[in-house]
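Given next are the chains, with one letter for each unit.
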Amino acid sequence: MIFEIVTTTIFGAISLKAYLSKNGGGDDSKKINKIFSLAGLNVKDGNNTLTAQQIKKKSYDWGTEYRYRIPLGRSFEDYLAKQKAIEAGLNTKSMVIELKDLKDIKFDRNFIKSFKKIYTKKLTNKKEVEMVYDGLLKIRVYDKPMPIKIEWTNEMLKQDWSVILGFNRTEAFYHDFDKRKHLIIAGATGFGKSVTMKSIIVSLVLSKPNDVTFSLIDLKGGSAFARFKNLKQVINFGVNPNEAREILKEVKTKMENDYKKIVDEGFEDVTEANISKRHFIVIDEAADIMDDKYTIDILTDIVRKGRGAGYYVIYATQYPSSQAIPMQIKRNIPARLCFVLDSATASMTALDKSGAENLPEISGRGIYKNVGQNIIQTPYITNSLIDELLKPYMIKKEVLDSETVERKTRENSFIIKETRLS
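For every chain, the first residue of the written sequence is number 1, and numbering continues from 1 along that sequence. Given that this is a predicted model, residues contribute local features only at a pLDDT of at least 70 and side-chain atom pairs are listed and counted only at 80 or more, while totals for whole chains, interfaces and linings are drawn from all residues. To obtain the side-chain values, all non-hydrogen atoms of the structure were included, while hydrogens and water were left out.

### Comments concerning the overall build of the protein
As a reminder, the rule being used: Secondary structure follows DSSP: runs of H or I at least 4 residues long count as helices, runs of E at least 2 residues long count as strands, and numbering of each begins at the N terminus. For each residue, the accessible area found with a 1.4 Å probe, counting protein chains only, is set against the maximum for its type, and the residue is called buried under 20%, exposed over 50%, and partly exposed in between. The contact criterion used throughout is that any non-hydrogen atoms of two residues lie within 4.5 Å. Per-residue accessibility takes into account occlusion by the displayed protein chains alone, with areas from the Shrake-Rupley method and a 1.4 Å probe.
From N to C terminus, the protein includes 13 helices and 16 strands. Taken over 422 residues, the protein has a buried fraction of 49%. Residue pairs at least 24 apart in sequence account for 66% of intrachain contacts in the protein once pairs closer than 6 positions are excluded. Of the roughly 21,000 Å² that the protein leaves accessible, carbon and sulfur atoms contribute 52%.

Below you can see the structure in the form of structure tokens.
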């Protein structure tokens, strides 16, 4: 019996090797080296050809990480530009059968059929590639693709000022506004900006209904934020550059008064002063106010000083450029969430790194840059679910003329619900 099992195993392994060889099986490291050569990443030095030197290969539950020392004359950006070619090359009929794949195999006379089932299963999984650089080029080859859709649920809520931004294969990523204050969101139309902003607003209302307020500026005509207009937490709502200017002026005045009170009482910021209130200024398609220097100066002041007073900015644009994201704003908002973009130049503007141009064209797939940089899938929330969740917080708001607005602003700033400009 022992001899029969051992013999079956040995000849089964030989048969498996032949089967894999016949069907294109192999080692990804060899394939990556071949792709480097075919993609023009090797460097000619006289009669010598310099290529990336593999330093280490490490297996994980999710796949394999390959570490390389890149040759002189090449940069990380050169390899990043070939990411799609590397990923496409690894998704031919080739894969490695590892010990972890064999844990449920019974070594009997039928085990070759079981091996073939594993092979077929792995063949249908599309591998995904992620590349990072920290002195060594790290190519992470994931055996299974990241989920292309994650439904938003109440379980994602937290009770502080953290909101869910997304998930990678192993962990959830939250943005804590009390730590990182502001957030830039960039990306081409249709890939997740508006859904993410709506998700953030819903999360904050449900987590902090009595402490959060919003100024919503929707420069695409109001379509993205219209369903939030009658929320009791929304005190300003604007849909064009003129309204944006007036809202930001009002917010700046209130912010400066609040910050003065905090400082006069000997505190550094709202956290130290144990103040529970936070105000969020959410601007969709901020590029439309970039021609107004006065408005930009106001917004810059809010970004620069607002962190201490609990005034946080979410700044979104589909056209990340030096004009759409002015340097003085960009430098004060290190946290970024970027969806797919059309060029490395746009990615450099949004993230200070290329990479967003290589994201797959999957709605909700983005790069979150905070302390580090991670590819994530952002959760999807439907409009019908938003309406259901926020229904308890909707109120009927009065339309006020400009004289009433001015009087009420003096009496009690942030009592304003909506003006005739809206």
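### Examining the nonpolar core
This is how it is decided: Residues enter a nonpolar core if they are buried and are Ala, Val, Leu, Ile, Met, Phe, Trp, Tyr or Cys, with the set joined through side-chain atoms within 4.5 Å.
Phe214, Phe228 and Phe280 are the most contacted members of the largest nonpolar core, which totals 58 residues. Broken down by element, this core gets its largest block of residues, seven residues, from helix α7 (residues 193–207). In contact with Phe280, not counting residues within four places along its chain, are Trp161, Phe177, Leu204, Val212, Thr213, Phe214, Ser215, Tyr312 and Ile314.

### Things to note about the packing of helix α8 (residues 241–264) against helix α9 (residues 293–309)
Keep this limit in mind: Think of each axis as a best-fit line through the C-alpha atoms, taken over the contacting stretch in the case of a helix, with angles from 0 to 180 degrees between the N-to-C directions. Reported orientations rely on four angle classes, namely roughly parallel under 35 degrees, roughly antiparallel over 145, roughly perpendicular from 65 to 115, and oblique for the rest. Here a crossing is taken to be left-handed if its near helix is turned anticlockwise relative to the far helix by less than a right angle, and right-handed if that turn runs clockwise.
Here α8 crosses α9 at 30°, and the two axes come no closer than 9 Å. It follows that α8 is roughly parallel to α9 by the angle criterion. Crossing hand, α8 versus α9: left-handed. Here α8 contributes Arg245, Leu248, Lys249, Val251, Lys252, Met255, Glu256, Tyr259 and Ile262 to the contact with α9, which in turn contributes Tyr294, Thr295, Ile298, Leu299, Asp301, Ile302, Lys305, Gly306, Gly308 and Ala309.

### So, the sheet that holds strand β4 (residues 63–69)
Let me state the cut-off plainly: For two strands to count as paired, DSSP must find a minimum of two bridges between them.
Reading across from one edge, β3-β4-β6-β5 is the order of the four strands in this open sheet, with antiparallel pairing throughout. Both outer strands of the open sheet, β3 (53–59) and β5 (128–133), are each paired with one neighbouring strand and no more. Going from strand to strand, the sheet's axes swing by 20° on average, the running direction of each strand aside. Pairing of β3 with β4 involves six bridges; the strand directions are antiparallel. Along β4, the bridge assignment pairs Lys56 with Arg67. Sitting on the sheet, helix α2 (residues 28–38) is in contact with β3, β4 and β6 (137–142), with an inclination near 45° to β4. On the sheet, helix α4 (residues 83–90) packs against β5 and β6 and is oriented at approximately 140° with respect to β5.

### Observations concerning the packing of α2 against α4
Convention followed: Each residue is assigned to one class: nonpolar for Ala, Val, Leu, Ile, Met, Phe, Trp, Tyr, Cys and Pro, charged for Asp, Glu, Lys and Arg, and polar for all the others, Gly among them.
Interaxial distance between α2 and α4 falls to 10 Å at its minimum, and their mutual angle equals 135°. Of the possible angle classes, the one that applies to α2 and α4 is oblique. In terms of crossing hand, the pair formed by α2 and α4 is right-handed. Along the contact surface, α2 presents Asp28, Lys31, Ile32, Ile35 and Phe36, while α4 presents Ala85, Ile86, Gly89 and Leu90. Class assignment of the residues belonging to the contact of α2 with α4 gives a composition of six nonpolar, one polar and two charged.

### As for the pairing of strand β16 (residues 373–377)
In the sheet, strand β15 (residues 365–369) pairs with β16 via five bridges, with the strands oriented antiparallel. Paired with Lys369 across the two strands is Gln373, which belongs to β16. Between β15 and β16, which pair antiparallel and follow one another directly, the connecting turn spans three residues.

### Examining the environment of Leu390
As for its placement among the helices and strands, Leu390 is situated in helix α12 (residues 383–390). With residues near it in sequence (within four places) discarded, Leu390 still touches Val202, Val205, Leu206, Phe228 and Leu231.

### Let's talk about the packing of aromatic side chains
Which entries qualify depends on this criterion: Classification of ring pairs rests on two measures: the distance between centres of Phe, Tyr or Trp rings, Trp counted by its six-membered ring, which must be within 6.5 Å, and the angle between planes, read as stacked under 30 degrees, edge-to-face over 60 and tilted in between. In this analysis the charged atom, NZ for Lys or CZ for Arg, is taken to sit over a ring once it is within 6 Å of the ring centre and within 35 degrees of the ring normal.
Tallied over the entire structure, the rule returns 11 aromatic pairs. Look at Phe177 and Tyr312: their rings are 6.3 Å apart centre to centre, the planes differ by 15°, and that puts the pair in the stacked class. Here the residue Phe177 occupies a position in helix α6 (residues 177–180), and Tyr312 occupies one in strand β13 (residues 311–317), the gap between them amounting to 135 residues. Considered together, Phe177 and Tyr312 belong to a single accessibility category, that of buried residues. An aromatic cluster is defined as three or more aromatic residues linked by ring pairs; in this entry it consists of Trp161, Phe177, Phe214, Phe280 and Tyr312. Looking at Lys158, its charged tip hangs above the ring of Tyr174, at a distance of 4.3 Å from the centre. Here the guanidinium or amino end of Arg169 rests over the ring plane of Tyr142, the centre of that ring lying 3.6 Å away.

### A few points about the pairing of strand β11 (residues 234–238)
Extensive coverage of β11 is indicated by the burial of five of its five residues. Direction of pairing for strand β10 (residues 212–218) relative to β11: parallel, over a ladder of four bridges. Within β11, the position partnered with Phe214 by the bridge is Val234.

### A closer look at the pattern of salt bridges
Counted only if it meets this: Counted as salt bridges are all cases of a side-chain nitrogen of Lys or Arg within 4 Å of a carboxyl oxygen of Asp or Glu.
Counted by the stated rule, this structure contains 26 salt bridges. The partner of Asp211 in a salt bridge is Lys277, and the shortest N-O contact between them spans 3.6 Å. Placement of Asp211 in the loop between α7 and β10 and of Lys277 in the loop between α8 and β12 (278–284) is noted, with a sequence separation of 66 residues between them. For Lys330, the salt bridge goes to Asp352, with nearest N and O atoms at 2.9 Å. Here Lys330, found in helix α10 (residues 327–330), pairs with Asp352, found in the loop between α11 (344–351) and β15; they are 22 residues apart in sequence, far enough to count as distant. Residue classification places Lys330 among the buried residues on the basis of a relative accessible area of 8%. If you follow the salt bridges from partner to partner, you end up with Lys252, Glu256, Asp301, Arg304 and Lys305 in one network.

### Brief notes about α4
For the α-helix, the turn length of 3.6 residues means that residues three or four positions removed from each other point alike. For the record, the criterion: Note that the arc is computed from the directions linking the helix axis to the C-beta atoms.
When α4 is considered as a whole, its buried residues turn out to be Gln83, Ile86, Glu87, Gly89 and Leu90. Looking straight down α4, one finds that the buried residues subtend no more than 165° of arc, so they occupy a single side. Those residues of α4 that are buried are in contact with α2, α3 (76–80), β5 and β6.

Honestly, that's just the spatial picture; any functional story needs more than this.
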